[in-house]
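# Geometric and topological summary
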Amino acid sequence: MIIGLTGGIGSGKSTVARAFETLGAASVDADDVAREIVLPGEPALLAIKNRFGDQVIHQDGTLNRAALRAIIFKDPEQRRWLESVTHPKIRERLLQHLAQLKTQGAPYVLLVSPLLFESGQNALVNRAVVVDVPQALQLSRTQQRDGVSESQVHAILAAQLSREQRLAQADDVIDNSGDHRSMMEQVVRLDQRYRQLLND
Ligand code: ADP
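Here we summarise the structure given alongside this text. (Residues numbered from 1 in each chain as written. Predicted model: local features only at pLDDT ≥ 70, side-chain atom pairs only at ≥ 80, totals over all residues. Heavy atoms only, no water.)

### Comments concerning helix H6 (residues 135-146)
Turn by turn, an α-helix covers 3.6 residues, leaving residues three or four places apart pointing in a common direction. Defined as follows: Secondary structure elements follow DSSP: runs of H or I of four or more residues count as helices, runs of E of two or more count as strands, with numbering from the N terminus. A helix's residues, less one, multiplied by 1.5 Å, set its expected span. We call a residue buried when its accessible area falls under 20% of the maximum for its residue type, exposed when it is over 50%, and partly exposed in between, using a 1.4 Å probe and counting protein chains only. Of all possible arcs, the one meant is that of the directions from the helix axis to the C-beta atoms. We call two residues in contact whenever any of their non-hydrogen atoms come within 4.5 Å of each other.
For H6, which comprises 12 residues, the first-to-last C-alpha distance of 16 Å matches the rise-based estimate of 16 Å (1.5 Å per residue) to within 8%. Buried within H6 are the following residues: Gln138, Leu139 and Thr142. Buried residues of H6, viewed axially, fall in a sector of 95 degrees; they line one side. Seen from the open side of H6, the exposed residues pointing more than 90 degrees away from its buried face are Ala136 and Gln144. Packing partners of the buried residues in H6 comprise helix H7 (150-158). Two residues or fewer past H6, Gly147 is found with a positive phi of approximately 60 degrees.

Pasting the structure below:
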């Protein structure tokens, strides 16, 4: 069974995923995979270099993410092109990771992805759990974690689904507006539920 775990930036996805892991779940992070498929030698990096030139490549051959971000934030067409190249590769690599994890004996696998619904990755999962916090808390936790400005967080929020749109597609919701203990109690309940579903 594959459980999609999503939520806006700073909602607590990584924290919640670690909590599930302490109970025996395995997880794969879509952000890690998105970085993997543009490592030097990967076809997606070559395609990006061919389109945008050396300005998006560091001296050591790795992707200059800041330069690429600057281009695609200004130009939706370039952004669509980039997604048309990267999304299929991310999906393919995610499937490989998920297949590998299935053989390792975890009762269920979490696919942790900030853009689970936006990217269509939800097609790969049996259920989706949304980590939910009010936007003010999302902003303050992200700023505290990353040391970024409020306007930078707002720019990222603008590219993600709204809280309501995400919740509308959730099978399960974790309210992460409380402390770690309250979060853990909800994770324990859901873990039991998922194990029960496997036995049904
Ligand atoms: P995401 O992976 O969704 O971006 P993180 O798991 O990194 O979010 O959480 C964002 C920040 O909020 C981190 O610094 C994390 O330690 C903190 N955090 C997460 N859950 C809680 C909580 N229940 N109480 C207090 N801080 C939390």
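Once the structure has been displayed, the description carries forward.
### A few points about the site of the ligand
What counts is decided by this rule: For this description, a residue counts as near a given molecule or strand if any of its non-hydrogen atoms is within 4 Å of it. Counted as a polar contact is a pair of N or O atoms within 3.5 Å, where, for protein atoms, one must be capable of donating a hydrogen and the other of accepting one, and residues adjacent in sequence contribute only when both atoms are in side chains. Computed with a 1.4 Å probe, the accessible areas rest on the Shrake-Rupley method; for each residue, only the protein chains presented here act as cover.
Taken together, 13 residues lie near the ligand, and Lys13, Ser14, Thr15, Arg145 and Asn176 sit nearest. Here an oxygen atom of the ligand and a backbone polar atom of Ser11 are 3.4 Å apart. Ser14 is positioned such that a nitrogen or oxygen atom in its side chain is 2.7 Å from an oxygen atom of the ligand. Taking 570 Å² as the accessible area of the ligand by itself, protein coverage stands at 79%. Those elements giving two or more residues to the shell around the ligand turn out to be helix H1 (13-22) and H6. With 3 residues, H1 is the largest single contributor of residues to the shell around the ligand.

### Some points on helix H3 (residues 43-52)
Ala44, Leu45, Ile48 and Phe52 are the residues of H3 that are buried. Here the buried residues of H3 occupy an arc of 100 degrees about the axis, which is enough to place them on one side. Residues of H3 that are exposed and point more than 90 degrees away from the buried face comprise Leu46 and Asn50. Of the surrounding secondary structure, the elements contacted by the buried residues of H3 are helix H4 (65-74) and helix H5 (76-102). Phi for Gly53, located one or two positions after H3, is positive at around 85 degrees.

### Observations concerning the nonpolar core
Note the cut-off: By nonpolar core we mean a set of buried residues, namely Ala, Val, Leu, Ile, Met, Phe, Trp, Tyr and Cys, connected to one another through side-chain atoms within 4.5 Å.
With 34 residues, the main nonpolar core has Val28, Ile48, Phe52, Val56, Leu68, Leu94 and Leu111 as its most contacted residues. Taken together, the elements giving at least two residues each to this core come down to strand E2 (26-29), helix H2 (30-36), H3, H4, H5, strand E3 (109-112) and strand E4 (127-132). Apart from the residues within four sequence positions on either side, Phe52 is in contact with Leu68, Ile71, Gln78 and Trp81.

### Observations concerning the packing of H4 against H5
Inclusion rule: A fitted line through C-alpha atoms represents every axis, and for helices the fit uses only the stretch in contact; the resulting angles, taken between N-to-C directions, go from 0 to 180 degrees. Between 65 and 115 degrees an angle is taken as roughly perpendicular, under 35 as roughly parallel, over 145 as roughly antiparallel, and anywhere else as oblique. Nonpolar residues are Ala, Val, Leu, Ile, Met, Phe, Trp, Tyr, Cys and Pro. Charged residues are Asp, Glu, Lys and Arg, and all others, Gly as well, are polar.
Where H4 contacts H5, the axes come no closer than 5 Å and their chain directions differ by 120 degrees. Relative to H5, the element H4 is oriented oblique. Across the interface between the two elements, Leu68, Ile71, Ile72, Phe73 and Lys74 of H4 pack against Pro76, Gln78, Arg79 and Leu82 of H5. Partitioning the contact of H4 with H5 into residue classes produces 6 nonpolar, 1 polar and 2 charged.

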